[in-house]
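Here are the chains, one letter per residue:
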Amino acid sequence: GEAMNSGRGQGVRGLRSLTSGAGRREGALRVTRKAVQAAGRGRSVAGPRVAGIGLGLGRSKREANLGRRATCLASRRGEDDGGASTSQPADEPSAAFALLSAVSGVGALETAYLTFTKVFAGSVFCPTSGCETILESRYSEILGVPVALFGFFTYSGVSLLSRLAARNGEYRAGVLAGSTVLASVSAFLAYVLATQFPDETCAWCLASCGLSFCSFVLALWATSDGDPVKSTIPPFVASPLIVSALVALFADADGSLASEDFELPFREPEVTTQSSREALNLVQKMRLIDAKMYGAFWCSHCFDQKQAFGKEAMKNFPYVECFPEGYRKGIKQYAACEEADIRGFPTWIINGEKIEGDQSLETLGETVDKYLAGKDQDYSFE
């Protein structure tokens, strides 16, 4: 019996040994199969710890590569900029373009107002004397188009391009070109003011000159890139050409421009419109209260005012010409205009009340009726 039990025990142990051995072999086969499958997918199955180490090494390699790339880019930028210590701060050009956009925007608003008054025959508010005289002179138009309209488009273009340049650095050449045009035209008109209108002061003209020159200086600053000479050469080459073109446009028939011998002979423009009954009645009423219109033969607003009354009304129209002998440098106004202190054309004086700028028939009629009110007389004329 003992021998039988001993044999059975050995048999059981043998079976266990065989089972455990088979289990180890099967486990080894499973590991091998997983390794083969993982190799096909490019993964490691060396266990969680080994896998973690592998991932950490992968991250370290990627971070090292990114670091090397960043270092290379930084070094390249440093070489392109000539070093951080010698390059211009990046925010300076942007600030200059932003300021230029604001200044030229103000210029656009000013010229828009002047264009509106010129086109729609409105009177210009002027804190000084001489605005109407200068703004209605032959220098206020180029080929029949108001100079202020050209200024509006140029100022607007410079303002828009400056805003874009402040954001992405583009359109710098356009900004400099537009500012050069503004400064060149203003320099020419400043010469005209000084030589042809020495006794007149036009606040709008002086303000426009200041804005133009300020825009030009800001454009040079914004586009200099550390080399102001390089950015200054093109404007100073183009500016004389622009001024020469203006001289040609404003030249007299003999080719001279507002020189010492400049003279504009008197020539009264012909009124061509038909007079209405309202205009004829208004002229009769004006003569009763000694109302007068003071003007100049070259003043377009004066002519427009006469056109509103019509040619029939001109027979009795209460008009005073301030330059009956023509216009030339140094000539003074007609004595009656000097005594009335006329500073712009047209100017109405109705019963002592001074009204500057051309007016509608309705406005003039209301003013005249105001001074005729209370009189026991019928002022309707047939």
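Residues numbered from 1 in each chain as written. Predicted model: local features only at pLDDT ≥ 70, side-chain atom pairs only at ≥ 80, totals over all residues. Heavy atoms only, no water.

Q: How would you summarise the sheet that holds strand E5 (residues 319-321) if you had to cite specific residues and measurements?
A: Strands sit in the order E5-E4-E7-E8 across an open sheet of 4 strands; the sheet is mixed. Each having just a single partner strand, E5 and strand E8 (353-356) make up the two edges of the open sheet. Between one strand axis and the next, the sheet turns through 20° on average, direction left out of account. Pairing of strand E4 (residues 292-295) with E5, which is carried by 3 bridges, proceeds in the parallel orientation. Of the residues in E5, the one forming a bridge with methionine 293 is tyrosine 319. Here helix H10 (residues 300-309) sits on the sheet and contacts E4, E5 and strand E7 (347-350); the angle it forms with E4, its principal contact strand, is near 145°. (Pairing = 2+ DSSP bridges. Helix = DSSP H or I, 4+ residues; strand = E, 2+ residues; numbered from the N terminus. Axes fitted to C-alpha atoms, helices over the stretch in contact; angles between N-to-C directions. Contact = heavy atoms within 4.5 Å.)

Q: A description of the confidence of the model for the chain should follow, citing residues and the corresponding values.
A: Model confidence for the chain is summarised by a mean pLDDT of 74, while 63% of its residues fall at 70 or above. A low-confidence stretch, residues 70-90 (pLDDT under 50), is modelled with 7 contacts involving residues beyond four sequence positions or located in other chains. For the stretch residues 252-260, pLDDT sits under 50, and the model shows 15 contacts to residues farther than four places along the chain or on other chains. (pLDDT = per-residue confidence, 0-100.)

Q: Tell me about unusual backbone geometry, and please be specific about residues and values.
A: Unusually for a residue other than glycine, aspartate 290 sits at a positive phi of about 55°. Mapped onto the elements of the fold, aspartate 290 is located in the loop between helix H9 (277-288) and E4. Backbone geometry at asparagine 351 places phi at a positive 55°, although glycine is not the residue there. As for its placement among the helices and strands, asparagine 351 is situated in the loop between E7 and E8. On the accessibility criterion, asparagine 351 (45% relative accessible area) is partly exposed. (Buried < 20%, exposed > 50% of the residue type's maximum accessible area, 1.4 Å probe, protein only.)

Q: Kindly report on the side chain of lysine 118, identifying the contributing residues and their values.
A: Within the secondary structure layout, lysine 118 lies in helix H3 (residues 91-119). Residue class for lysine 118 comes out buried when judged on its relative accessible area of 15%. For lysine 118, the residues in contact, after removing those within four places along its chain, are Leu135, Glu136, Ser140, Glu141, Pro146, Ser300 and His301.

Q: Requested: an account of the nonpolar core, with residues and values cited.
A: Ranked by internal contacts, the top residues of the largest apolar core, which has 46 residues, are Phe309, Phe345 and Trp348. Looking at this core, the elements that each hand over two or more residues are helix H4 (131-135), helix H6 (172-196), helix H7 (203-223), H9, E4, H10, E7 and helix H12 (361-372). Listed in part, the 18 residues of the second largest apolar core include Val103, Leu182, Phe216 and Ala219. (Core = buried A, V, L, I, M, F, W, Y, C linked by side-chain atoms within 4.5 Å.)

Q: I'd love a proper account of the pairing of E4, names of residues and values included.
A: The pairing of E4 with E7 spans 3 bridges and is classified as antiparallel. Within E7, the residue paired with lysine 292 across the bridge is isoleucine 349. Tracing the backbone out of E4, into H10 and back to the parallel element E5 gives a crossover that is right-handed. (Right-handed = clockwise from strand over helix to strand, strands pointing away.)

Q: Please give an account of H12 that cites residues and values.
A: Counting along an α-helix, one turn takes 3.6 residues, and residues three or four places apart therefore face a common direction. For H12, with 12 residues, the first-to-last C-alpha span of 16 Å sits near the 16 Å given by 1.5 Å per residue. Every buried residue of H12 is listed here: Leu361, Leu364, Gly365, Thr367, Val368 and Leu372. All buried residues of H12 lie within an arc of 165° about the axis, which places them on one face of the element. For H12, the secondary structure elements touched by its buried residues are H9, H10, E7 and E8. (Expected span 1.5 Å × (residues − 1). Arc of directions from axis to C-beta.)

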